[in-house]
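Per-entry structural report
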Amino acid sequence: MAKRKNEYVESKIEILDLESDVIKVLKDNKIDTIGLLWTQTRKSLKALGLKDSDIKQIIIKLQLLGLDLNKKIYN
């Protein structure tokens, strides 16, 4: 089974239209593409200092692109 590549993985996190403070935390931790964000887990994002509400926002925005944390892809 071939791994399907999501077209957004190379995109900058700005396209997620997250709150600016969330973008800043991610960028300060060298997470500047969807691909890097996508490989994170809820636990690792919490360790960066993001709140549950921030993480939920990230998950929702990723799901709209067919992705989820921890490298999940939806068809």
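A brief structural summary. (Residues numbered from 1 in each chain as written. Predicted model: local features only at pLDDT ≥ 70, side-chain atom pairs only at ≥ 80, totals over all residues. Heavy atoms only, no water.)

**Focus: the overall build of the chain**
Of the regular secondary structure elements, the chain holds 4 helices and 2 strands. Element order for the chain, N to C, with α for helix and β for strand: α-α-α-α-β-β. Its C-alpha atoms give the chain a radius of gyration of 12 Å, near enough to 11 Å, the size a compact globule of 75 residues would have. Of all 75 residues assigned to the chain, the portion counted as buried reaches 39%. With the model as given, the accessible surface of the chain reaches about 5,000 Å², and the carbon-plus-sulfur share is 54%. (Helix = DSSP H or I, 4+ residues; strand = E, 2+ residues; numbered from the N terminus. Rg over C-alpha atoms; globule rule 2.2 N^0.38 Å. Buried < 20%, exposed > 50% of the residue type's maximum accessible area, 1.4 Å probe, protein only. Areas by Shrake-Rupley, 256 points an atom, 1.4 Å probe, with all protein chains shown as cover.)

**Some thoughts on the side chain of Gln 40**
Checked against the element boundaries, Gln 40 lands in the loop between α2 (34-38) and α3 (42-47). A distance of 3.3 Å separates a polar side-chain atom of Gln 40 from the backbone oxygen of Leu 36. If we ignore the near neighbours within four places in the chain, the residues touching Gln 40 are Ile 31, Leu 45, Leu 69 and Asn 70. (Polar contact = N/O pair within 3.5 Å; in protein donor to acceptor, adjacent residues only side chain to side chain. Contact = heavy atoms within 4.5 Å.)

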